[in-house]
Amino acid sequence: MALGSALLKRLFVSKSLGLPWLDIRFGRKGDPKHGKPCCLLPDGSTAPIEFNVSHQAGLVALVGCQIADMELGADIVCVNERNDYRVIDQDGFDGWVDVYQEIFSAEESWDMKYNTDPFKLLDGTELSPADVGRNDRCCTRDKELTVVLKSGEERRFSSDLLIDAKLRRFYTFWCYKEAFIKLTGEALLAKWIKNLEFRNVRAPVAGTIARCSTLGSWGERVDDVEVWLHRKKLEDVKMEIQAFEENFMIAIAAKPSSKLPFNDFPKFASLNLEQDIIAVAETSS
Ligand SMILES: CC(C)(COP(=O)(O)OP(=O)(O)OC[C@H]1O[C@@H](n2cnc3c(N)ncnc32)[C@H](O)[C@@H]1OP(=O)(O)O)[C@@H](O)C(=O)NCCC(=O)NCCS
């Protein structure tokens, strides 16, 4: 992934600025060790170009632009990559959310523990939060839950499905937060991370899984999250999150949104390493 990131950054810079690959250099803005990576021109000055990269579980993404004073952030999460169930089964989903209390505000933690997005039962029935009712307080796996649908029909299902929906929602919060702190470049040095709050959060509906040698498909794009900092809504930030395949989500943040020449972010383009990157690198003088 480090190699994928290195190649993708060079492709973006060489295509945007017309620099030969061998002349492309990177530095960091602000903190020389932990600052946001930037591109340096051959004379050592910062190039008029903005980008941010994220990589996770074999996927590498870059967002970039050449709009003056624009800041961009990107983050990829992979929902089923880690063994989160171990902690959830031991301490409950609420206990698991509490592990991250240095990162999320009390409101966000509550929202993640006890609210849910719509999710599907194994027979295909989609449950809305209203259908789930007060079952939404459930934080344990392996419990049988019962709901009564609007039609009067009853459905019994394992709480594992509810916890999976909550986990996906947790990663949506995480992805938004990480994309925003990466936009600012402060990353882990950001002392205000708990005061950065996301409201109106909804996990994007997943795409389809990869089969045989093909990639899976892109899922839903969601762009109506609210970003709050120190209890004030930030109006000059545009954020979007999109699902990829079954488990990936990619969040993008851009600031100031007033300078964006479009309402919707352009779509991600999937690149082929050999054809779209290596071949270009080999012909770059
Ligand atoms: C380095 C960090 C910026 C991102 O790390 P990460 O989420 O593990 O990794 P990602 O794949 O999303 O991002 C890695 C890329 O971020 C970029 N990056 C590094 N430092 C950065 C900074 N200060 N600001 C913005 N981007 C940065 C780099 O391009 C890096 O890729 P590269 O080394 O291949 O060029 C840092 O914030 C971090 O370690 N965060 C994770 C831990 C955490 O507590 N997050 C809480 C927020 S929910």
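Each remark here, short or long, concerns the structure printed above.
Residues numbered from 1 in each chain as written. Predicted model: local features only at pLDDT ≥ 70, side-chain atom pairs only at ≥ 80, totals over all residues.

Engineer: What am I meant to see in the sheet that holds strand S14 (residues 238-244) here?
Structural biologist: Backbone hydrogen bonds are what pair the strands of a sheet, in a parallel or an antiparallel way. The sheet built from 4 strands is open, its strands ordered S5-S15-S14-S11 with antiparallel pairing. Each edge of the open sheet carries a strand with a single partner, namely strand S5 (71-78) and strand S11 (218-222). Strand-to-strand twist of the sheet, defined as the mean angle between neighbouring strand axes without regard to direction, takes the value 15°. Where S14 lies against strand S15 (residues 248-255), 7 bridges are found, and the strand directions are antiparallel. Looking across to S15, one finds that Gln242 is bridged to Ile250. Those strands touched by helix H5 (residues 159-184) are S5, S14 and S15, and its axis lies near 150° from that of S5. (Pairing = 2+ DSSP bridges. Helix = DSSP H or I, 4+ residues; strand = E, 2+ residues; numbered from the N terminus. Axes fitted to C-alpha atoms, helices over the stretch in contact; angles between N-to-C directions. Contact = placed C-beta atoms within 7 Å.)

Engineer: Explanation requested: the nonpolar core in the structure shown.
Structural biologist: Most often, soluble globular proteins have nonpolar side chains that are buried together. The biggest cluster of nonpolar side chains holds 54 residues, and the ones touching the most others in it are Tyr176, Ala179, Ile250 and Ala251. At 14 residues, H5 tops the list of elements feeding residues into this core. Ignoring anything within four residues of it in the chain, the contact list for Tyr176 reads Phe198, Val225, Met239, Ile241 and Ala251. (Core = buried A, V, L, I, M, F, W, Y, C linked by C-beta atoms within 7 Å. Buried ≥ 20, exposed ≤ 12 C-beta atoms within 10 Å, placed from the backbone.)

Engineer: Explain the site of the ligand here, please?
Structural biologist: For the ligand, the set of nearby residues contains 21 residues, the closest of which are Ser5, Lys36, Ser54, Lys182 and Ala187. Of all elements in the fold, only helix H1 (2-17), strand S2 (36-40), strand S3 (50-56) and H5 reach the threshold of two or more residues within the shell around the ligand. Broken down by class, the residue content of the shell around the ligand amounts to 8 nonpolar, 8 polar and 5 charged. (Near = placed C-beta within 6 Å. Nonpolar A, V, L, I, M, F, W, Y, C, P; charged D, E, K, R; others polar.)

Engineer: Would you mind going over the sheet that holds strand S10 (residues 196-199) with me for this structure?
Structural biologist: Taken in spatial order, the 3 strands line up as S10-S12-S13 in an open sheet, and their pairing is antiparallel. Strands at the two margins of the open sheet, each flanked by one partner only, are S10 and strand S13 (232-233). In this sheet, S13 lies alongside strand S12 (residues 226-229) in antiparallel orientation, the contact comprising 2 bridges. Residue pairing in the sheet places Leu229 in a bridge with Lys232 of S13.

Engineer: Which parts of the structure should I look at to understand the packing of H1 against helix H6 (residues 273-283)?
Structural biologist: For any two helices packed against each other, the geometry is given by the interaxial angle and the distance between the axes. At a minimum axis separation of 10 Å, H1 and H6 run at an interaxial angle of 65°. When you trace H1 past H6, the crossing you get is left-handed. Each of Leu7, Leu8, Arg10 and Leu11 in H1 lies in contact with H6, whose residues at this interface are Ile277, Val280 and Ala281. Taken together, the residues of the contact of H1 with H6 sort by class into 6 nonpolar, no polar and 1 charged. (Left-handed = near helix turned anticlockwise from the far one by under 90°.)

Engineer: Would you mind going over the environment of Arg221 with me for this structure?
Structural biologist: Assignment of secondary structure puts Arg221 in strand S11. Counting along the chain gives 141 residues from Arg221 to Asn80, while the straight-line C-alpha distance between them is 20 Å. Sequence-distant contacts of Arg221, defined by excluding residues within four places in its chain, comprise Pro204, Glu240 and Gln242.

Engineer: How do you make sense of the packing of helix H2 (residues 84-98) against H5 when you look at a structure like this?
Structural biologist: It is the contact of H2 with H5, at a shortest axis distance of 12 Å, that shows an interaxial angle of 70°. Overall, the two elements H2 and H5 adopt an arrangement that is roughly perpendicular. Contact with H2, carried on its side by Asp84, Ile88, Phe93 and Val97, involves Ile163, Lys166, Leu167 and Phe170 of H5 and no other residues of that element. Here the residues of the contact of H2 with H5 are counted per class, giving 6 nonpolar, no polar and 2 charged. (Parallel < 35°, antiparallel > 145°, perpendicular 65-115°, else oblique.)

Engineer: Would you mind going over unusual backbone geometry with me for this structure?
Structural biologist: Most peptide bonds take the trans form, and the phi angle of most residues other than glycine is negative. Across the junction of Lys255 and Pro256, the peptide omega takes the value 0°, indicating a cis bond. For Pro256, the position within the fold is in the loop between S15 and H6. Even without being a glycine, His230 presents a positive backbone phi close to 50°. Its 9 C-beta neighbours within 10 Å are what place His230 among the exposed residues. Residue Arg231 is not a glycine yet carries a positive backbone phi of 70°. Structurally, Arg231 can be placed in the loop between S12 and S13. Residue Arg231 is classed as exposed on the basis of its C-beta count, with 9 C-beta atoms lying within 10 Å.

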